[in-house]
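So you can see what is in the structure, the chains are spelled out below.
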Amino acid sequence: VRLVESGGGLVQPGGSLRLSCAASGFTFSSFVMSWYRQAPGKEREYVAAIFNAEGRTNYADSVKGRFTISRDNAKNTVYLQMNSLKPEDTAVYYCNAGSIHWGQGTQVTVSS
C-alpha cells in the first residue's frame, strides 16, 4: 500500500492550494479516504473524509465551507481543495485510507 501526497507549499492568507494523494496497492474505490493535519506541537487532527460508493463527504468544523474533498476512482486519487486559507491552517497534511494506511505528509504553510 502506498499513499503519496503532493501540492503543499507556502501561500499567503486568503490564498488557495490543492492537495493530491495518489494511492496504489489496494482497491481504492472500496476505501473511505480522509485528510488529517498536524501542526507543530499539536496532535494530529481530522480534516475531512469522503466515503466510497456515494461520495458523501464530511468536514471538521474548522474547515467547513473553505475546504472541499473529492476523489477520482479512475485515477486512484483523492484531493483536498483548500480556499480562504488562514495561518492556523499551517500544518503537515496527511492522506489516510480506511483509517489504516497513511501517507508521508505534505507541508502547508500559510504566512504573509
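In the block above lies the structure referred to throughout.
(A) Broad picture of the nonpolar core. Met33, Trp35, Val78, Leu80, Met82 and Tyr93 are the most contacted members of the largest nonpolar core, which has 29 residues in total. Where this core is concerned, the elements lending two or more residues are strand 3 (17-24), strand 4 (33-38), strand 5 (45-50), strand 7 (67-72), strand 8 (77-82), strand 9 (91-97) and strand 11 (106-110). Ignoring anything within four residues of it in the chain, the contact list for Leu80 reads Leu17, Arg18, Leu19, Trp35, Val47, Ala48, Phe67, Thr68, Ile69 and Tyr93.

(B) Representation of the state of the cysteines. Under the definition given, this model contains one disulfide. Through a disulfide, Cys21 is tied to Cys95; the S-S separation comes to 2.2 Å. Negative torsions about the S-S bond denote left-handed disulfides, and the value of about -80° found for Cys21 with Cys95 makes this one left-handed. Linking Cys21 in strand 3 with Cys95 in strand 9, this pair joins segments that are 74 residues apart in sequence. The burial state of Cys21 is the same as that of Cys95; both residues are buried.

(C) Broad picture of the pattern of salt bridges. Scanning the model with the defined rule gives four salt bridges in all. In this structure, Asp61 engages Lys64 in a salt bridge whose closest nitrogen and oxygen atoms are separated by 3.1 Å. Given a relative accessible area of 49%, Lys64 falls into the partly exposed group. One salt bridge connects Arg66 with Asp89, and the closest N-O pair in it is separated by 2.7 Å. On the criterion of sequence distance, the pair formed by Arg66 in the loop between strand 6 (57-59) and strand 7 and Asp89 in the loop between strand 8 and strand 9 is long-range, its members being 23 residues apart. Side by side, Arg66 and Asp89 carry an identical accessibility label, which is buried.

(D) Structural detail: the pairing of strand 8. Summarising burial for strand 8: five of the six residues are buried, a large majority. With six bridges connecting them, strand 3 and strand 8 associate as antiparallel partners. For Arg18, the partnering residue across the bridge sits in strand 8 and is Gln81. The antiparallel hairpin formed by strand 7 and strand 8 contains four residues in its connecting segment, where Asn76 sits at a positive phi of about 50°.

(E) Local environment of the packing of aromatic side chains. Enumeration over the complete set of coordinates arrives at five aromatic pairs. Here the aromatic rings of Phe26 and Phe28 are separated by 6.4 Å at their centres, their planes lie at 50°, and the arrangement is tilted. For Phe26, a relative accessible area of 15% corresponds to the buried category. Overall, Phe28 belongs to the buried group, its relative accessible area being 2%. For the pair Tyr36 and Tyr46, a centre-to-centre distance of 5.7 Å together with 75° between the ring planes defines the contact as edge-to-face. In this pair, Tyr36 sits in strand 4 while Tyr46 sits in strand 5, placing the two residues ten residues apart along the sequence.

(F) Summary view of the sheet that holds strand 7. Taken together, four strands build an open sheet; the order of strands is 1-3-8-7 and the sheet is antiparallel. The open sheet is flanked by strand 1 (2-6) and strand 7, the only strands paired with a single partner. For this sheet, the mean angle separating the axes of adjacent strands, direction not counted, is 15°.

The rules behind each value
Residues numbered from 1 in each chain as written. Predicted model: local features only at pLDDT ≥ 70, side-chain atom pairs only at ≥ 80, totals over all residues. Heavy atoms only, no water. Core = buried A, V, L, I, M, F, W, Y, C linked by side-chain atoms within 4.5 Å. Buried < 20%, exposed > 50% of the residue type's maximum accessible area, 1.4 Å probe, protein only. Helix = DSSP H or I, 4+ residues; strand = E, 2+ residues; numbered from the N terminus. Contact = heavy atoms within 4.5 Å. Disulfide = S-S within 2.5 Å. Salt bridge = Lys/Arg side-chain N within 4 Å of Asp/Glu carboxyl O. Pairing = 2+ DSSP bridges. Phe/Tyr/Trp six-rings, centres within 6.5 Å; stacked < 30°, edge-to-face > 60°. Axes fitted to C-alpha atoms, helices over the stretch in contact; angles between N-to-C directions.

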